[in-house]
Amino acid sequence: MTWESLELPLLTHRIGGSAVPSPSEARLDLIDPCTGNSYGAAPIASANTVDNAVNAARKALADPAWADIPPLAREALMHKLADALEADMDYLASLEAMDTGRPIGITKAVDVPGAVAWLRTYAGWPSKIFGSERKLASTPGEFHAFVRKEPVGVVAAVTPWNFPLILSMWKIAPALAAGCSVVLKPAPETPMSILRLADLAAEVGFPPGVINVVLGDGAVTGKLLVEHPGVAKVAFTGSTATGQRILAASVPSLKKVTLELGGKSPNIIFPDADLPAAIAQSAASCFFNSGQVCYAGTRLYVHKDLYEAVIMGLQEHAEQAAIGPSWNAECSMGPLISQAQYDKVTAMVERAEAVGIKSVPLTHKLPEQGFYFPPTVLRDVDGSSEIAREEIFGPVLSVIPFESEQEVVAMANDSEYGLAAHVWTKDLGIAHRMSKALEAGTVFVNCVLLADPAMPFGGYKKSGLGRENGPEALEAYLQTKSVVMALP
Ligand code: NAD
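Below you will find a few notes about this structure. (Residues numbered from 1 in each chain as written. Predicted model: local features only at pLDDT ≥ 70, side-chain atom pairs only at ≥ 80, totals over all residues. Heavy atoms only, no water.)

### Section: the nonpolar core
Ranked by internal contacts, the top residues of the largest apolar core, which has 101 residues, are Leu85, Met169, Phe206, Ile269, Leu314 and Val399. Excluding residues that lie within four positions of it along the chain, Leu85 makes contacts with Leu92, Val112, Ala115, Val116, Leu119, Met169, Leu197 and Leu200. Core analysis: the next-biggest nonpolar cluster, separate from the first, contains 28 residues, Ile357, Phe402, Ala412 and Met434 among them. (Core = buried A, V, L, I, M, F, W, Y, C linked by side-chain atoms within 4.5 Å. Buried < 20%, exposed > 50% of the residue type's maximum accessible area, 1.4 Å probe, protein only. Contact = heavy atoms within 4.5 Å.)

This is the structure in structure tokens:
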């Protein structure tokens, strides 16, 4: 089986609740990462298309069907969309698997349920967003003073290719809860699940223009969208370099910006750790989705007393990876997203080997076609080397020995990034000291890969700006207005 018989959503923009063909626009090929073959071509939205999408979103903001919808009715609509996603599980999971190369068993277990969980969590908010009355603190006289919470306006959501549906929902769900409208630009490699989401939103009754999708690349469409004067807020997930460009582009109009960016997350195994769990989960943290996870634990610090045992355990786990195509539900690991990503990961590993870094021997037989890269364990990695410092976005684990708590904190924090950090210990003292000392937006103790709609997610340092998820995310989609009325 391949995806050849899968019927695809119409490969064009969704604006104002409809599919909008754009025959004159340039096109980008969609490539199946498991075969390297093209399965379609998507348009690159021009200035005119982006303009139309932002205008449709602005119109929706003023449409009483959206602006004046009672909070409970907005919640019900969001739950209706979540119901539709659940009912569409097989199709959505297949589209996500085909686009990303991630095995279908995973897109069914993670991607669709994850998107639903986020949507349902934020569907609980509309009836709980309200302002407050204030007593003026330093002004004598009679006043009625209060604070209103309003939707910030049109949100430009720009997302990467690794988890298209989930990471889009991290933006759409709080935006809808706050009463905003959205223009979403998915990564050019992975538009399918987002097009399906937009179609389902129209089917369940979202007013036209509340959720729009423009297809295209970053250099043309993404840039046009984030610079558009009609956009009030940009919610971005992607690389640090692109995030920096977006932040700079937002300066002239001072748009609100949240950025979820890259990472090089440390993972520390202390001598008292539950070793089998630590080894299995450390391997999973780096190899899940072929390492294409922003908070993958790619720098593994192991106490010297456990070092050889951990290396052996990692070798066993890496050997067990069931590598194969996205349509095979038995597989645990698919290919990298593209030839470009394959070339980047290969070149980084070759440069590491050229400076004397050794890989642990593994014997994977990879499929002949497609962008497959084997799980790779590099041992005794020098913390100052490129492979230990730069984000790789591939299944490559750098293992580094340490002796003391103080030393490992210094090594873990010696990074431009600060997205996540992981600690393996049974000692509550170590767990608390590490939670405080590690410079990261999330510290996982005795667990990995747990993103949850209740927990704020974001980065220290060059890993981002602001937070997604949790109630913290809602503020980014709300404007705060103070009203002061002098009473006669
Ligand atoms: P990317 O930055 O190249 O692209 C991300 C999105 O931005 C795409 O939709 C792209 O078309 C668009 N884009 C590119 N240039 C743009 C511009 N100038 N203006 C507006 N939009 C533009 O990233 P990628 O290669 O798609 O994804 C991989 C990166 O994403 C990795 O660095 C990874 O760490 C990061 N990521 C971060 C998180 C997180 O939550 N922190 C999650 C997933 C991925």
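### Section: the state of the cysteines
Within this structure, the stated rule accounts for zero disulfides. Among the cysteines around Cys447, which has no disulfide bond, Cys294 carries the closest sulfur, lying 15 Å off. (Disulfide = S-S within 2.5 Å.)

### A look at the sheet that holds strand E16 (residues 396-402)
Strand pairing in a sheet relies on backbone hydrogen bonds, with the paired strands running either antiparallel or parallel. Ordered in space as E14-E15-E16-E13-E12-E18-E19, the seven strands form an open sheet in which the pairing is mixed. Every interior strand has two partners, whereas the edge strands, strand E14 (358-359) and strand E19 (442-445), have only one. In the sheet, strand E12 (residues 266-269) pairs with strand E13 (residues 299-303) via four bridges, with the strands oriented parallel. Its bridge partner being in E13, Ile269 is matched across the sheet by Val302. (Pairing = 2+ DSSP bridges. Helix = DSSP H or I, 4+ residues; strand = E, 2+ residues; numbered from the N terminus.)

### Let's talk about unusual backbone geometry
With phi around 55°, Phe393 is a residue other than glycine that occupies positive phi space. Overall, the relative accessible area of 13% leaves Phe393 in the buried class. In this model, Leu449 sits at a positive phi of 55°, which is unusual for a non-glycine residue. You can call Leu449 partly exposed: its relative accessible area is 24%.

### So, the pattern of salt bridges
Scanning the model with the defined rule gives 20 salt bridges in all. In this structure, the salt-bridge partner of Arg120 is Asp83, at a minimum N-O distance of 2.7 Å. Separated by 37 residues along the polypeptide, Arg120 in helix H5 (residues 104-123) and Asp83 in helix H3 (residues 71-87) bring together distant segments of the chain. Judged by relative accessible area, which is 24%, Arg120 ranks as partly exposed. A single salt-bridge network, built from bridges that share partners, covers Asp83, Glu86 and Arg120. (Salt bridge = Lys/Arg side-chain N within 4 Å of Asp/Glu carboxyl O.)

### Details of the site of the ligand
Residues in contact with the ligand amount to 28 residues; listed here are only the nearest, Thr159, Ser239, Thr242, Leu261 and Glu391. Contact between the ligand and Gly218: an oxygen atom at 3.2 Å from a main-chain N or O atom of the residue. One of the backbone N or O atoms of Leu261 is found 2.6 Å from a nitrogen atom in the ligand. When isolated, the ligand has an accessible area of 850 Å², and the protein chains bury 89% of it. Looking at the shell around the ligand, the elements with two or more residues in it are helix H8 (218-227), strand E10 (233-237) and helix H9 (240-249). Counting residues per element, the shell around the ligand draws most heavily on H8, which supplies three residues. Taken together, the residues of the shell around the ligand break down into 14 nonpolar, nine polar and five charged. (Near = heavy atom within 4 Å. Polar contact = N/O pair within 3.5 Å; in protein donor to acceptor, adjacent residues only side chain to side chain. Areas by Shrake-Rupley, 256 points an atom, 1.4 Å probe, with all protein chains shown as cover. Nonpolar A, V, L, I, M, F, W, Y, C, P; charged D, E, K, R; others polar.)

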